[in-house]
Amino acid sequence: MAQLTAEMLEEMKATGIIAFATASKDGTPNVVPVGMIFQGEDGNIWLIDNYLNKTLKNLKENPKAAFYIWSRDFKESYQIKGTVTIENSGADYEKAVAFAHSKKETYPAKNLIKMKVEDIFYVTPGDHAGDKL
């Protein structure tokens, strides 16, 4: 399993909104802006599903997903790929709901999407663009 560094996680948090990509079973792509994405206590990337209708449908058909970490001030940029599981009960889900409600009580927090990071690639322009870490 690939691991995000502390610097990557800090930049992910500082960016605020992350582009999260999925594809349906037939390969139709979908990308959405997500704000509630962070590393969970279990080391996986946690994404709270408040309004992810197409994304959730895609993940049920095809559990592969990707996102990137990028900003103008960050010296490197990365594409992160992995496989997700979806939870809507249990202790981790309850933690996700509490986190969402701490941001805004009316967020529905319908599901906790856990992404096991499998691959990290450089996407910064230059000779190492596309290289796997």
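As shown above, the structure is provided for reference.
Now for a look at the structure at hand. Values in this document were obtained by computation on a predicted structure and should not be read as measured data.

Focus on the packing of aromatic side chains
And then number 1: According to the stated counting rule, one finds four aromatic pairs in the structure shown.
And then number 2: For the ring pair Phe20 and Phe67, a centre distance of 6.5 Å and an interplane angle of 25° mean the geometry is stacked. With Phe20 in strand β1 (residues 18-23) and Phe67 in strand β5 (residues 64-69), this pair connects stretches of sequence that are 47 residues apart. One exposure class covers both Phe20 and Phe67, and it is buried.
And then number 3: Geometrically, the ring pair formed by Phe38 and Trp46 is tilted, given 6.0 Å between the ring centres and 55° between the ring planes.
And then number 4: Chaining the aromatic ring pairs together yields one cluster made of Phe38, Trp46 and Phe99.

As for helix α1 (residues 6-15)
And then number 1: By the burial criterion, the buried members of α1 are Met8, Leu9, Glu11 and Met12. Viewed along the axis of α1, the buried residues span an arc of 165°, placing them on a single side of the element. In α1, the exposed positions angled more than 90 degrees off the buried face are occupied by Ala6, Lys13 and Ala14.
And then number 2: Gly16 sits one or two residues past α1 and shows a positive phi near 90°.

Points about helix α3 (residues 91-103)
And then number 1: With 13 residues, α3 should reach 18 Å at 1.5 Å per residue; the first-to-last C-alpha distance of 19 Å fits that figure.
And then number 2: For α3, the full list of buried residues reads Asp92, Tyr93, Ala96, Val97 and Ala100. Projected down its long axis, α3 shows its buried positions confined to an angular sector of 140°, all on one face. Counted as exposed and oriented over 90 degrees from the buried face of α3: Ala91 and Ser102.
And then number 3: Elements that come into contact with the buried residues of α3 comprise β4 (45-49), β6 (78-87) and β7 (111-122).

Structural notes on the sheet that holds β7
Consider a sheet: its strands pair through backbone hydrogen bonds, and that pairing is either parallel or antiparallel.
And then number 1: Judged by pairing direction, the sheet is antiparallel, and its seven strands sit side by side in the order β2-β1-β5-β6-β7-β4-β3 without closing on themselves. Two strands close off the open sheet at either side, each with one partner strand: β2 (29-34) and β3 (37-39). Shown here is a sheet whose adjacent strand axes are inclined to one another by a mean of 30°, direction ignored.
And then number 2: Note: β6 against β7, 10 bridges, orientation antiparallel. Residue pairing across strands places Val84 opposite Met115, the latter belonging to β7.
And then number 3: Sitting on the sheet, α3 is in contact with β3, β4, β6 and β7, with an inclination near 65° to β4.

Digging into the side chain of Asn111
And then number 1: By the element assignment, Asn111 lies in strand β7.
And then number 2: Within polar-contact distance, the side chain of Asn111 engages the side chain of Asp49 at 2.7 Å.
And then number 3: Apart from residues no more than four positions distant in its own chain, Asn111 is found in contact with Leu47, Ile48, Asp49, Leu56, Ile86, Glu87, Asn88 and Tyr93.

Structural notes on unusual backbone geometry
And then number 1: Positive phi, normally seen in glycine, also occurs at Ala109, with a value near 40°.
And then number 2: Along the chain, Ala109 falls in the loop between α3 and β7.
And then number 3: In this structure Ala109 comes out as buried when scored by relative accessible area, which is 1%.

Thresholds, definitions, all that
Along each chain, numbering runs from 1 in the same order as the chain's sequence is written. Restriction of local features to residues with pLDDT of at least 70 applies here, the model being predicted, together with a cutoff of 80 or more for giving and counting side-chain atom pairs; totals for whole chains, interfaces and linings are based on all residues. Side-chain numbers here rest on the full set of heavy atoms in the structure, without hydrogens or water. Ring geometry is summarised as follows: Phe, Tyr and Trp rings, the Trp one being its six-membered ring, pair when their centres sit within 6.5 Å, and such pairs are stacked at plane angles under 30 degrees, edge-to-face over 60 and tilted between the two. The helix and strand labels rest on DSSP assignments: H or I over at least four residues marks a helix, E over at least two residues marks a strand, and numbering proceeds from the N terminus. Relative accessibility decides the category of a residue: with a 1.4 Å probe and only protein chains considered, values under 20% of the type maximum give buried, values over 50% give exposed, and everything between is partly exposed. The reported arc concerns the directions from the helix axis to the C-beta atoms and nothing else. An expected span of 1.5 Å times one less than the residue number is assigned to each helix. In what follows, residue pairs with any heavy atoms lying within 4.5 Å of each other are defined as contacts. Here a strand pair is declared whenever DSSP counts at least two bridges between the two strands. Fitting a line to C-alpha atoms yields each axis, with helices limited to the stretch in contact; the angle taken between N-to-C directions then spans 0 to 180 degrees. Any pair of nitrogen or oxygen atoms within 3.5 Å is treated as a polar contact; in protein, a donor-acceptor pairing is required on top of that, and neighbouring residues in sequence qualify only through side-chain atoms on both sides.

It is worth stressing that arrangement in space is one thing and function is another; only the former is reported here.
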